[in-house]
Amino acid sequence: MTDTARGTSRRYGTRPTMKDVAARAGVGLKTVSRVVNGEPGVTPDTERRVQEAITALGFRRNDSARILRKGRTASIGLVLEDLADPFYGPLNRAVEEVARSHGALLINGSSAEDPSREQELVLALCARRVDGLVIIPAADDHRYLEPEITAGIATVFVDRPAGRIDADAVLSDNFGGARDAVAHLIAHGHRRIGFIGDQPRIHTARERLRGYRAAMAAAGLPIDDSWVSLGSTAPDRVRAAATTMLDAPEPVTALFAGNNRVTVTAVRVLGERPRPVALVGFDDFELADLVRPAITVVAQDPAHMGRTAAGLLFRRLDGIEDPPRRTEIPTRLIARGSGEIPPAED
């Protein structure tokens, strides 16, 4: 028999209360409270009746008032750039595991690389009284967070630093990783190396461009303006940039791709070319070792970044009051084949 047939109906959005449990078990409200909170002073028979009522009603204790009395909500927020980006999966999982080890719930959301959406999401999490925030920023001005930080919201930025405020940050060594990637191509005989990167307003894109330029300068190699292209990572834009570099009168003989999305499009473009072109990508990605040639990459450690950021966040929540710190996580060059292709002879 359905609930409707019994003459009852569900009211979504309402939950059974301790008062409902007390009425069903035929006991007082204080008795229910003692059972729910594991306090003494209840006979076994009474406890059994209360537990049966709890099970029948689907009652769950509301922890909101209890945790707010302690001044903490046992929850933290994580703001990502894109939940679908495989880079953020290990980072998200690492933050969640650290939060869980501290008895905290993780609430996450995506800014979709939109500064206004980031601010809206961050402030919504603050309004829900999260204890702290881990943010992969889309915005370059975070002064909107100053009142929240002053009010006690611990905040750590990951992958990119905060804009126009002093705050903890956990970053990859973007400059060093890019420099190593380009130096690797130079060591294999390349002199005309193209760089295709993300939007120039993004910190990681600027740092990787700086590493590219530093490696070329260290080798005494000039850079033609046409060898550098920053902008959207949309496949059409990346394809056009790569094609321009490869079809120039003096084409590049190698490409350095500024992130995993650029690398994937570059692999498709190079697969259509009659002559081999070397490729190194920043960020590892799934199946990079299975394509032929396998893709040489600068690998970040997003799980390490997530653990480091979350660990720092909980240390702040435990009362550490050191000045804001910036932590850089090393990258690792993984040579698989595509970055070791020599220049094609003219």
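Parameters and conventions
Residues numbered from 1 in each chain as written. Predicted model: local features only at pLDDT ≥ 70, side-chain atom pairs only at ≥ 80, totals over all residues. Heavy atoms only, no water. Pairing = 2+ DSSP bridges. Helix = DSSP H or I, 4+ residues; strand = E, 2+ residues; numbered from the N terminus. Axes fitted to C-alpha atoms, helices over the stretch in contact; angles between N-to-C directions. Contact = heavy atoms within 4.5 Å. Domains from an automatic or database assignment. 1 Å grid on protein atoms, 1.4 Å probe; cavity = no way out; pocket = protein on both sides within 12 Å on 5 of 7 lines; lining within 4 Å. Points joined across faces, edges and corners; volume = space filled by probe spheres on them. Nonpolar A, V, L, I, M, F, W, Y, C, P; charged D, E, K, R; others polar. Buried < 20%, exposed > 50% of the residue type's maximum accessible area, 1.4 Å probe, protein only. Core = buried A, V, L, I, M, F, W, Y, C linked by side-chain atoms within 4.5 Å. Phe/Tyr/Trp six-rings, centres within 6.5 Å; stacked < 30°, edge-to-face > 60°. Lys NZ or Arg CZ within 6 Å of the ring centre and 35° of its normal.

- The name recorded for the protein in an unreviewed UniProt entry is LacI family DNA-binding transcriptional regulator, from Streptomyces auratus AGR0001.

A few points about the sheet that holds strand E3 (residues 132-135)
- Strand order in the open sheet formed by 6 strands is E2-E1-E3-E4-E5-E11, with parallel pairing between adjacent strands. Of all strands in the sheet, those bounded by a partner on one side alone are strand E2 (105-110) and strand E11 (326-329). In this sheet, adjacent strand axes meet at a mean angle of 15° when their direction is disregarded.
- Here 3 bridges tie strand E4 (residues 154-158) to strand E5 (residues 168-172), and the two strands are oriented parallel to one another. By the bridge assignment for E5, Val156 is matched with Asp168.
- Strands strand E1 (75-80), E2 and E3 of the sheet are contacted by helix H6 (residues 115-127), whose axis makes an angle of about 175° with E1.

Concerning the domain arrangement of the protein
- Segmentation of the protein into domains returns domain 1 (3-61), domain 2 (73-172 + 303-329) and domain 3 (174-300 + 332-340).
- Relative placement of domain 1 and domain 3: their C-alpha centres are 63 Å apart.

Quick word on empty space enclosed by the protein
- Tallied over the entire structure, the rule returns 1 cavity of 30 Å³ or more.
- Here the largest cavity defines a volume of roughly 140 Å³.
- Lining the largest cavity we find 14 residues, and of these Tyr88, Asp159, Arg208, Arg261 and Asp283 sit closest to its centre.
- Sorting the residues of the lining of the largest cavity by element identifies helix H9 (203-218) and helix H11 (260-271) as the ones contributing at least two each.
- Classifying every residue of the lining of the largest cavity by side-chain character gives 2 nonpolar, 4 polar and 8 charged.
- When residues of the lining of the largest cavity are assigned to domains, at least three map to each of domain 2 (73-172 + 303-329) and domain 3 (174-300 + 332-340).

What to know about the side chain of Ser111
- Along the chain, Ser111 falls in the loop between E2 and H6.
- The class of Ser111 is buried, set by a relative accessible area of 0%.
- Filtering out sequence-adjacent residues up to four positions away, Ser111 remains in contact with Val79, Leu80, Glu81, Arg117, Glu118 and Ala138.

Quick notes on the nonpolar core
- The biggest cluster of nonpolar side chains holds 41 residues, and the ones touching the most others in it are Val182, Ile193, Ile196, Tyr212, Met216, Leu255 and Phe256.
- Ignoring anything within four residues of it in the chain, the contact list for Val182 reads Ile193, Tyr212, Ala215, Met216 and Phe256.
- The next biggest cluster of nonpolar side chains, apart from the first, holds 25 residues, and it includes Phe87, Tyr88, Leu106 and Leu313.

Re the packing of aromatic side chains
- Taken as a whole and assessed by the stated rule, the structure comprises 3 aromatic pairs.
- Ring geometry for Phe195 and Tyr212: centres 5.6 Å apart, planes at 25°, overall stacked. One end of the pair, Phe195, is in strand E6 (residues 193-197); the other, Tyr212, is in helix H9, with 17 residues separating them in the sequence. Take Phe195 and Tyr212: they sit in the same class, and that class is buried.
- Grouping aromatic residues by their ring pairs yields a cluster made of Phe195, Tyr212 and Phe256.
- Above the face of the Phe282 ring, Arg208 is positioned so that its terminal group lies 3.9 Å from the ring centre.
- Of note, Arg210 hangs over the ring of Phe175, and the distance from its end group to the ring centre comes to 4.1 Å.

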